[in-house]
Amino acid sequence: MSDYEAVIGLETHIQLRTASKIFCRCRADSWGEPPNTNICPICCGLPGVLPALNRAAVEKAVRLAAALQAQISELSYFARKNYFYPDLPKGYQISQYDEPLARGGQFELPMPDQVVRHISIQKLHLEEDAGKTRMVGGRRWIDMNRCGVPLVEMVTGPDLRSADEAAQYLIRLRQLLRWLDISEANMERAHLRCDANVSIRPRGSPALNPKTEIKNVNSIEAVRTAIEAEFARQIREVESGASVKAWTLEWDEEAGVLRKMREKESEGDYRYFREPDLLPIRLEAGWTDEILAHSPELPLARRGRLVEQYHLPVYDAEILTEERSLSEYFEAAARAYPGDPKRVSNWIMNEVLRILRDRGLTAAELKFPPRHLAETLQLIDQGTITLATGKSLLERSLESGRAPREMVEAEGLAQIRGSQELRTLCLQAIRTNPDQAQQYRAGKTALLQWFVGQVMRASRGKANPQETAALLQDLLGTER
Ligand code: ZN
Ligand code: MN
């Protein structure tokens, strides 16, 4: 174990899921569109235009602040952050500075060992995104589609202690943002971007030492590897007698190395001043109260409640609360099929999740409502259908959109038992496979299950497996 510990704070930029940009009427999302096609004079900062604030962006930011139990400012201001960069057409970014939308608050970070760490949130503010530069054919090109996309910048205190914790924080933040429908939080599409401030100190010491800022760490894996690399580099510096300089570093994802971008700029370099073209954000108390009152139960609380109320293992509750609509699907199905929530959970974790992942759907989009899952389980319990048919019903009713009971009747899916039909299927299986029948009789009794499989296949899953096995055993002993 190292004598040093890492002291990490994360600064995340979150793209809000709104219809339009933060100060103009252009669509907020232009993923995959040709460069410079989703722009207007306002987001390009042409002379003489005036920004107008998007109410939906404020609402989503307040919802996030409420979930973090931050203090929401009744009055907050926009400020100009001045810097020169080709993708910033105005020469400044409209952001917030000394009076942000919210301060304080904490992020409850559950670690894999069930310990919950409390990560302080220093501030949360609204700002506009800048454009993008791209190298094509040896030249630098500018795409302004992203100019003016609404962002929340959220800054944690220096409370994370390892690269793993930082990665875990991002995973949980992504879950929360989707849970609250604040952002799609897709890191590949840069909806969630992260800068990491890293310093080291002797383990257990309260000191805060000079930190470096790592820019451009835009996947969970990159956060983990870039922080590990920087932690190791700082230890080497200090142990060789040098000191850590307050640099800004860039993570080169492809090469897997950190590069020095610049000496870190101080806040003074940005010459912040209040934005004269926008009024302050004044939140009416009633409006904020309304948002607070409609704050949904958060993932961690719901996980705890599923364990408590339905007696599920933590493992199940964890998977069911990965996504809000999945947890709602579970609760609706458990209500429609009372008495055995664990069985409902098993079916969701095995059958439903497989379908969702195969098709890239969320539970809310699934055309197999919770009451159909409950109905399927009841059909199995009543002996109307086999387990195999029950499993296939999910897939089939996705195609047809019909209720399970209706499909069983319409497609003749009721299980075959105690009938001449089952006997005929068994005899067929034996007669068409004389070699296996021979081997079974010579003592290779494990082949019985293989024959059951043949009959199940021939009956398209409708044969009752127990009766089939008994019947086959009987017939294999007598029929020759
Ligand atoms: Zn625009
Ligand atoms: Mn920012």
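These figures come from a predicted structure and were not determined experimentally.

Basis of the calculations
Residues numbered from 1 in each chain as written. Chains lettered and ligands numbered in written order. Predicted model: local features only at pLDDT ≥ 70, side-chain atom pairs only at ≥ 80, totals over all residues. Heavy atoms only, no water. Pairing = 2+ DSSP bridges. Helix = DSSP H or I, 4+ residues; strand = E, 2+ residues; numbered from the N terminus. Donors = N, O, S within 2.8 Å, 3.2 Å for Na, K, Ca; no water. Buried < 20%, exposed > 50% of the residue type's maximum accessible area, 1.4 Å probe, protein only. Expected span 1.5 Å × (residues − 1). Arc of directions from axis to C-beta. Contact = heavy atoms within 4.5 Å. Domains from an automatic or database assignment. Buried area = accessible area lost by both parts, 1.4 Å probe. Salt bridge = Lys/Arg side-chain N within 4 Å of Asp/Glu carboxyl O. Polar contact = N/O pair within 3.5 Å; in protein donor to acceptor, adjacent residues only side chain to side chain. Nonpolar A, V, L, I, M, F, W, Y, C, P; charged D, E, K, R; others polar.

## What to know about the pairing of strand β8 (residues 116–128)
Here is step 1 of the chain: With two bridges joining them, strand β6 (residues 102–103) and β8 adopt antiparallel strand pairing. Bridge assignment links A102 to a residue of β8, and that residue is L124.
Here is step 2 of the chain: Pairing of strand β7 (residues 106–110) with β8 involves five bridges; the strand directions are antiparallel. Counterpart to Q106 in the pairing with β8 is S120.
Here is step 3 of the chain: The hairpin turn running from β7 into β8, its antiparallel successor, is five residues long, and Q114 in that turn takes a positive phi close to 75 degrees.

## Considerations on the coordination of the manganese ion (ligand 2)
Here is step 1 of the chain: Taken together, the protein donors to the manganese ion (ligand 2) comprise H13 (NE2), E127 (OE) and E153 (OE), at separations of 2.1 to 2.2 Å.
Here is step 2 of the chain: Along the chain, the residues donating to the manganese ion (ligand 2) are arranged with the sequence spacing H-x113-E-x25-E. Placement of the pair is H13 in strand β1 (residues 4–15) and E153 in strand β11 (residues 150–156), with a sequence separation of 140 residues.

## Considerations on the environment of L124
Here is step 1 of the chain: Inspection of the secondary structure puts L124 in strand β8.
Here is step 2 of the chain: Of the residues examined, L124 reaches a relative accessible area of 1% and is grouped as buried.
Here is step 3 of the chain: The sequence separation of L124 and Q378 amounts to 254 residues, and the corresponding C-alpha distance is 49 Å.

## Quick word on the sheet that holds strand β4 (residues 79–82)
Here is step 1 of the chain: The antiparallel open sheet is built from three strands, whose spatial order is β5-β4-β16. Of all the strands in the sheet, the pair left with one neighbour each is β5 (92–95) and β16 (273–274).
Here is step 2 of the chain: Two elements, β4 and β16, share two bridges in a ladder whose sense is antiparallel. Its bridge partner being in β16, R80 is matched across the sheet by F273.

## Let's talk about helix α5 (residues 299–310)
Here is step 1 of the chain: Taking 1.5 Å of rise per residue, the twelve residues of α5 would be expected to cover 16 Å, and the 16 Å separating its terminal C-alpha atoms lies within 8% of that figure.
Here is step 2 of the chain: Within α5 the residues assigned to the buried category are P299, R302, R303, L306 and Y310. The buried residues of α5 occupy an angular sector of 105 degrees when the element is viewed end-on, so they sit on one face.
Here is step 3 of the chain: Looking at the buried side of α5, the elements it contacts are β7, α2 (163–179), α6 (314–320), α7 (324–336) and α8 (341–359).

## Considering the domain arrangement of the chain
Here is step 1 of the chain: In terms of domains, the chain is made up of domain 1 (4–291), domain 2 (299–411) and domain 3 (420–478).
Here is step 2 of the chain: Here domain 2 and domain 3 have C-alpha centroids that lie 32 Å from each other.
Here is step 3 of the chain: Opposite the four residues of domain 2 that make contact, domain 3 presents seven residues.
Here is step 4 of the chain: Buried area between domain 2 and domain 3, both sides added, is near 320 Å², and the carbon and sulfur share of it is 45%.
Here is step 5 of the chain: If you sort the residues of domain 2 by the area they bury against domain 3, T386, T389 and R396 come out on top, with a joint share of 73%.
Here is step 6 of the chain: Where domain 2 touches domain 3, the interface holds zero salt bridges.
Here is step 7 of the chain: Taken together, domain 2 and domain 3 are joined by two residue pairs in polar contact (both at pLDDT 80 or more).
Here is step 8 of the chain: Grouping the constituent residues of the side of domain 2 that touches domain 3 by class yields one nonpolar, two polar and one charged.

## Some details on the coordination of the zinc ion (ligand 1)
Here is step 1 of the chain: The zinc ion (ligand 1) binds to the protein through C24 (SG), C26 (SG), C40 (SG) and C43 (SG), with metal-donor distances spanning 2.3 to 2.4 Å.
Here is step 2 of the chain: Classification of C24 by relative accessible area gives buried; the value is 8%.
Here is step 3 of the chain: For C26, a relative accessible area of 9% gives the class buried.

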